[in-house]
Every structure is written in C-alpha cells, then in structure tokens.
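Secondary and tertiary structure notes
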Amino acid sequence: MSRVQTVTVEADDADQRLDRWFRRLFPHVPQGRIEKMCRKGEIRVDGGRVKAATRLEAGQQVRVPPLPDGQAPAPERKAVSDADAKMIQSCVIYRDDQVIALNKPAGLPTQGGSKQTRHVDGLAEALKFGLEEKPRLVHRLDKDTSGVLLLARTRQAAKALTASMRHKETRKIYWALVAGVPTPYLGEIRFGLIKAPGRGGGGEGEKMIALHPREIDDTPGAKRAHTLYATLYRVGARAAWVAMEPITGRTHQLRAHMAEIGHPIAGDGKYGGSGQENMGDGWGAQLGGIISKKLHLHARMMRFQQPETGKIITVTAPLPDHMAQSWDTFGWTEDLAAEDPFEAL
C-alpha cells in the first residue's frame, strides 16, 4: 500500500472530472473504488469532500489516500472484438482531427455501470483512427436513447467542448413520439427535478420526480430544469411527433418532463407506465399495435463550435430502425421537420 499523497492539479488537467484524472494517474484503481473513496471522504480537494464527477481546477490540491500497490497487476483491458469494432465504427457520422460524432444505437450504454460491460466508452478503443489515445466522452445519452453523441479526440478538445456545453453554447434537438398531443403546440416546461433513490444496492432503478417551480427552492436536492418543446405532427389525439430542446441537462429530464405534462414518450416504462394519464383515451406510453415497445427518444441534431477552428458544425443522426418503422406507420418522413424548429424563438 502507498502512503497518503497530495497531488497538485496541473494546468493541462484543469476542467477534468476527478474520477477521470484519478484513473489516468492511478490506472490500477477501479472506478468503483474511486467513487467509494469519495463517498467516505478519503479523497479530498483543497481539504473538502468531493464527488467523483467534481471538476478540477489548476492548482488545486488533491488528497490521495493509501492505495493498493501500483505495481499490482491491473485488470487486463479486454480487446474490442472485430465485430464490435466494425459496429462502433459504422456509427461514426462525423469526424475531424478534434471531434468524433456517433449515432449511438438504442440499448448501448454510454459508460460502464452496474452489470454493464459493453459500452461506448469501452468500444472507443476502436475509434482511435491513428491517434495514440482513445477519444473521450464529453456528455452522455441514456442507454435506451439513440442519436448524436460527441467524443473529443484530444484533451484540449474535451476541455473546450465540456466548457461549451456548461455555458450552453451548444444546441441539442431531440425527437420523440409521445402519447397524446401536447397543447399548446409550442411551449416550455420548467418543472424542477429531484432524484428518488433506486431500489438496488448500486442505486439501480433511480427515478427523477418532478416538482412545481415554486417548490424547488424549499426542497433539498431539487434542481431547476427547463425544456422547450414543439409539436410537429400528430395522429388524431393518439400520438404526436415532438421536437425538444433541453436548456438544462438534468438526468432523464426530457422523459420526466414529458410525462409530467401528461404525454410520456412512447416505450418509456419508467416514466410512462400503463397508469399514466393522458389527454384523450387515458392510455400509457405503450401505444400498442405494431408500434415498438422500445423508447422513442432520439438525439436528432447537435450544433457545436469546432474546438480548433471555431467553425460551427451541425451534425444530424438518422432515426434508429424502431423509430423509423413507427414514422413509416404514421406516414411521416424525416424531411418533414425543420432542422431546428426553435431557431426563430
């Protein structure tokens, strides 16, 4: 075991998540151990308790507790199979020297977690395309959400893209099929969100609970959340094609917000179960018939500034098969919708 260490954060490591910084310096320490040390207060920054997701600043002092011998054999990194490499490379819809954009398949987690061994972060080993390091995640999509996912190919690009997202300088447009027809057709949702604990030992099954805006300040742990939505097309009173722009980026924000206004996203068993009330027939998020039971939520478009050139890049992702089949069932085509229905707002 090593002794307690104090490590100063270098300028090149600024704005990096603590857990990622820690794993780069101590690759033999698993993610779960890092999170546990943070929860117990064993890892501290400038003397204060921190979370694994805390972002570091240049010059900060990180307390590193005694660790297992660094020479101990680290778990072998499993090579990406040829089939998985081909699959993840086929998902690339944009690539330059700084950035890669994927059309993430529904059902593929962004990062590893409880019982998740196959995920984008691991498969990114197959996305080096000649560089020494694998690309870095700069944001996440839920496992069952498909669409545009950005990865940075250099540390400097990751820093720039992360800062851009934090300062709301990127645009993200999602498409969804929802139960019922939201009215007014164009609106915004400002319900706050608070996390309800999951039932599993690792917090599995956690769910976000919506709060009226006037309750947010008086509810510990509640966070403000803001979503714009536009109803693009509808099928009578039964279902609608909705575009959404998350102004904030909370966990499950779009899913919880749409369910809260009575129009859960199709296939969302967590937020739109069969008891969900809706305008119209009162049925839930499972539309029935030949409509897939998979989640109908897709990150359609992302607009961002290229970190090196400053050029504005717009990336759009085609619908996944299950959503494309639903669109075909309703007689909709992707070109019916404007690339950015909120541009004039």
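Predicted model, so just to flag it, every value in this text is computed and none were measured.

**Considerations on helix 2 (residues 31–39)**
- For helix 2, every residue scored as buried is listed here: I34, M37 and C38. The buried residues of helix 2 occupy one face: seen down the axis, they fall within an arc of 100 degrees.
- Of the surrounding secondary structure, the elements contacted by the buried residues of helix 2 are helix 1 (18–25) and strand 3 (48–49).
- Of the residues trailing helix 2, G41 is marked for its positive phi of about 80 degrees.

**Points about the nonpolar core**
- Judged by nonpolar contacts, the single largest core of 30 residues is most densely connected at L102, M244, I265 and L297.
- Those elements that provide at least two residues to this core are helix 3 (82–90), strand 6 (99–104), helix 4 (120–123), strand 8 (146–152), strand 9 (171–179), strand 14 (239–246), helix 7 (253–260) and strand 15 (297–305).
- Here this core spans two domains, since at least three of its residues come from each of domain 2 (82–169) and domain 3 (172–330).
- The residues touching L102, leaving out its near neighbours within four places in the chain, are I88, C91, V92, I93, V120, L127, G147, V148, L149 and L151.
- Judged by nonpolar contacts, the second largest core, of 18 residues, contains L18, F22, C38 and A52.

**Side note on empty space enclosed by the protein**
- Under the criterion given, the structure shown has 1 cavity of 30 Å³ or more.
- Estimates place the volume of the largest cavity at around 40 Å³.
- Lining the largest cavity, in full, are H139, L141, V148, K172, I173, Y174, A299, M301 and M302.
- Those elements giving two or more residues to the lining of the largest cavity turn out to be strand 9 and strand 15.
- A per-class count over the lining of the largest cavity returns 7 nonpolar, 1 polar and 1 charged.
- Counting the residues that make up the lining of the largest cavity, at least three belong to each of domain 2 (82–169) and domain 3 (172–330).

**Quick notes on the sheet that holds strand 1 (residues 5–8)**
- Taken together, 4 strands build an open sheet; the order of strands is 1-4-2-3 and the sheet is antiparallel. Each edge of the open sheet is held by one strand with a lone partner, namely strand 1 and strand 3.
- Relative to strand 4 (residues 61–64), strand 1 is paired through 4 bridges, and the arrangement is antiparallel. Note that in strand 4 the partner of T8 across the bridge is Q61.

Conventions adopted
- Sequence order as written defines the numbering, with residues in each chain counted from 1.
- The predicted origin of the model limits local features to residues at a pLDDT of at least 70 and limits the giving and counting of side-chain atom pairs to 80 or more, whereas totals for whole chains, interfaces and linings rest on all residues.
- In computing side-chain values, all of the structure's heavy atoms are included and hydrogens and water are not.
- Relative accessibility under 20% of the residue-type maximum defines a buried residue, over 50% an exposed one, and the middle range a partly exposed one, all with a 1.4 Å probe and only protein chains included.
- Helix numbers and strand numbers start at the N terminus; a helix is a DSSP run of H or I with at least 4 residues, a strand a run of E with at least 2.
- The arc under discussion is defined with respect to the helix axis, by the directions toward the C-beta atoms.
- Contact between two residues is taken to exist if any of their heavy atoms lie within 4.5 Å; hydrogens are not considered.
- As used in this record, nonpolar core signifies buried Ala, Val, Leu, Ile, Met, Phe, Trp, Tyr and Cys residues forming a set joined through side-chain atoms within 4.5 Å.
- Where each domain starts and ends follows an automatic or database-derived domain assignment.
- Lining residues are those with an atom within 4 Å of a point, where the points come from a 1 Å grid over the protein atoms alone and group into cavities, where a 1.4 Å probe fits but cannot get out, or pockets, open sets with protein on both sides within 12 Å along at least five of seven lines.
- Grid points are joined across faces, edges and corners, and a volume is the space filled by probe spheres set on the points.
- Residue polarity is assigned by list, with Asp, Glu, Lys and Arg as charged and Ala, Val, Leu, Ile, Met, Phe, Trp, Tyr, Cys and Pro as nonpolar; anything else, Gly included, falls into the polar class.
- Between any two strands, at least two bridges found by DSSP are needed for them to pair.

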